[in-house]
Every structure is written in C-alpha cells, then in structure tokens.
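What follows is each chain in one-letter form.
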Amino acid sequence: VNGKNVTKAEAAARSGRITNSVAVDIAKYTFAQSLRLDGRYRCGAVVISTSHALTGAVAVYSFGNSVQRLTLYGGSTSPTSGGVSFQVIRIAVHPNYNPNGGVSDFNIAVLTVPTNAFGGKRNIVPIPLASAGVSIGTKCSVFGWGSTNLNLLAPVNALRAAGMVITSEATCARVWAQLGVKITSNILCAKGDRAADLCNGDLGNGLVCNGKLTGVAFLFSRCDNVLDTGYMKITAPSVRSFIRSQTGI
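Residues numbered from 1 in each chain as written. Predicted model: local features only at pLDDT ≥ 70, side-chain atom pairs only at ≥ 80, totals over all residues. Heavy atoms only, no water.

Taken as a whole, this structure holds two disulfides when the rule is applied. Note that C140 is cross-linked by a disulfide to C209, the S-S spacing being 2.0 Å. Linking C140 and C209, the disulfide has an S-S dihedral of approximately 105 degrees and is accordingly described as right-handed. On the criterion of sequence distance, the pair formed by C140 in strand β9 (residues 139-144) and C209 in strand β12 (residues 206-209) is long-range, its members being 69 residues apart. Side by side, C140 and C209 carry an identical accessibility label, which is buried. There is a disulfide in this structure between C172 and C189, and the S-S distance comes to 2.0 Å. Between C172 and C189 the disulfide shows an S-S torsion of about -65 degrees. By sign, it is left-handed. Taken as a pair, C172 in helix α2 (residues 169-177) and C189 in strand β11 (residues 187-192) lie far apart in primary sequence, 17 residues in all. Each member of the pair, C172 as well as C189, carries the same accessibility label: buried. (Disulfide = S-S within 2.5 Å. Helix = DSSP H or I, 4+ residues; strand = E, 2+ residues; numbered from the N terminus. Buried < 20%, exposed > 50% of the residue type's maximum accessible area, 1.4 Å probe, protein only.)

Oppositely charged side chains are able to pair whenever their charged atoms sit close together. Evaluation of the coordinates by the stated rule reveals one salt bridge. Here D38 and R69 are joined by a salt bridge, their closest N and O atoms 2.6 Å apart. Taken as a pair, D38 in the loop between β2 (32-37) and β3 (40-47) and R69 in the loop between β4 (52-55) and β5 (70-74) lie far apart in primary sequence, 31 residues in all. The class of D38 is partly exposed, set by a relative accessible area of 48%. By relative accessible area, R69 is classed as partly exposed at 32%. (Salt bridge = Lys/Arg side-chain N within 4 Å of Asp/Glu carboxyl O.)

With respect to topology, seven strands assemble into an open sheet ordered β6-β5-β2-β3-β4-β8-β7, the strand pairing being antiparallel. This sheet does not close on itself; its edge strands, each paired only once, are β6 (84-87) and β7 (90-93). Adjacent strand axes in the sheet meet at a mean angle of 35 degrees, parallel and antiparallel pairs treated alike. When β2 meets β3, the two strands line up antiparallel, connected through six bridges. (Pairing = 2+ DSSP bridges. Axes fitted to C-alpha atoms, helices over the stretch in contact; angles between N-to-C directions.)

This next bit is on the nonpolar core. The biggest cluster of nonpolar side chains holds 76 residues, and the ones touching the most others in it are L54, L72, L207, L213 and I243. When residues are assigned to domains, this core turns out to be shared by domain 1 (30-126 + 238-247) and domain 2 (127-235), each giving three or more. Those residues in contact with L54, other than ones at most four positions away along the chain, are A45, V46, I48, I108, A109, V110, G204, L213, V216, I234 and I243. (Core = buried A, V, L, I, M, F, W, Y, C linked by side-chain atoms within 4.5 Å. Domains from an automatic or database assignment. Contact = heavy atoms within 4.5 Å.)

Let's shift gears to the environment of G137. By the element assignment, G137 lies in the loop between β8 (109-112) and β9. Judged by its relative accessible area of 40%, G137 falls in the partly exposed class. Along the backbone, G137 and I166 are 29 residues apart, and their C-alpha atoms lie at a distance of 5.1 Å.

Looking at the element boundaries, S168 is found in the loop between β10 (160-166) and α2. The buried category is assigned to S168, whose relative accessible area is 16%. At 2.8 Å, the side chain of S168 and the side chain of T171 are in polar contact. (Polar contact = N/O pair within 3.5 Å; in protein donor to acceptor, adjacent residues only side chain to side chain.)

Attention shifts here to α2. Among the residues of α2, those classed as buried are C172, V175 and W176. Buried residues along α2 cover an arc of 95 degrees about the axis, so they all sit on one side. For α2, the exposed residues set more than 90 degrees away from the buried face come down to A170 and R174. (Arc of directions from axis to C-beta.)

The subject of this paragraph is the packing of aromatic side chains. Under the defined criterion, the tally for this structure stands at five aromatic pairs. Judged by centre distance (4.8 Å) and plane angle (80 degrees), the ring pair of F86 and F118 falls under edge-to-face. One end of the pair, F86, is in strand β6; the other, F118, is in the loop between β8 and β9, with 32 residues separating them in the sequence. Across the pair, F118 and F86 agree in class, each one buried. Chaining the aromatic ring pairs together yields one cluster made of Y29, F31 and F143. The ring centre of Y73 lies 3.8 Å from the NZ or CZ of R36, which sits over that ring. (Phe/Tyr/Trp six-rings, centres within 6.5 Å; stacked < 30°, edge-to-face > 60°. Lys NZ or Arg CZ within 6 Å of the ring centre and 35° of its normal.)

No statement about biological role is implied by the geometric values presented.
Given below as structure tokens:
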C-alpha cells in the first residue's frame, strides 16, 4: 500500500475518522481524551479510573522505553486548548498483542498517569465499564477528534460523536474476510448510523452503549461506511481480565 510493506487490512486499520458526526460538549462526555506523542495529537483515549485510560495497543507498543514522549490531554472540547495535560508514566499492552501479525484481536493498552491525577479535574470523569454484552441492533455512540475528511489530518477542532449500531459477529466476519482479517469473539462490531464512519485519528476512541464503555476502536476501513467498524470488546474475558490486572477495576 503506497509503496509501504503493509497489508491492505493493516492500512485500513491505521486510518480512521468520524464522518457524518456532530459536535458535542466535553462536559457531557468527560471520559474522552486524546493521546499525544511529543506534544502532537496521535489518537483517542478513554478515562476509566482516576489514574488510568485505555487506547489502542498499536499506538503505544513501541514506546515502552520512551514513555516520557506520551501525554494524555483532556477536560476540553478542543484537543489543543483549554484542557489539562497529563504525563503517561506507564504503558501496559495486552500480553497477546502481536505487532507483527497483521490485525491483532488484542489491540488494547492501559495507560497509567500519576496516582489520582485525573481526580477533581474539571470535565474529566471516568466512564464505567460494561459488565454485560449488548445485543445486535443496539444503538451506541463513538466519540473523538478524528478527521471528518479523508484528505484532512486529525484532529478536528472540537469533540464529535457519531451513532453506531451493533452488528453480528458473522456479518462482520464476512465483510472483513475480503481483507484477510479474522473477526474473533474479542471483537465487537458496529455499523455507522446515517453513513457515519471512523477515519484518521479515531484509534482508541470509546464506543459507549447504555452509558457504559463497551468497546475501544481499532478496526475501520477508509471512512466510507462500507465495512463494519471493529472495537475491542470490554466484556471479552481476556480483555476484561487484562484491564483488571492493570487497574484493579
């Protein structure tokens, strides 16, 4: 793809935006944060405790020995101003994540900041984790600062949200098979409502169903709503036990 030694599926997984989305206020979605590398926007993240956030493993696995380059930014509708920056002090990538195996179904990481650093900060509140699965057809939402145009770089200047509808594992597996991607029970799939989709900068964004974090975005196509979007399923046993082992929640 573009002269680079990556598969079409990997290239698809690394792109992403929220298209056909609407602007929303951080005051209502206080769990949404952005991850920065050397001070520049990299992708999304989700606050799950006063000291921890989740994001995609692919965004951080290579920085285990240079964690000082990573910061989280939250508390503002804007990804660049009005908020608070937090130094990431530890990265924990799911032990089964394989960075060399194409699209991995363990693409999740826990980011730790100083103890209780998120506590008491304006517009920064953890979101509860889902404790039960969601049925096909459930209406959910995804939040982030990903690009709204394939030709534009992320981030956009304000937090945006888009509706997503949960789809079946079988349907999702069928559409992604054309790119050689295997959909497993660790992955929750959804299709954008009103042609919404993910694109540049939306890795790590939170999928929220019934007010709880149900998935973390990691698999999407080219912002055209052709393929289902894929999320690490919070309730999958391997994902949930990993989060608990790193955060205590």
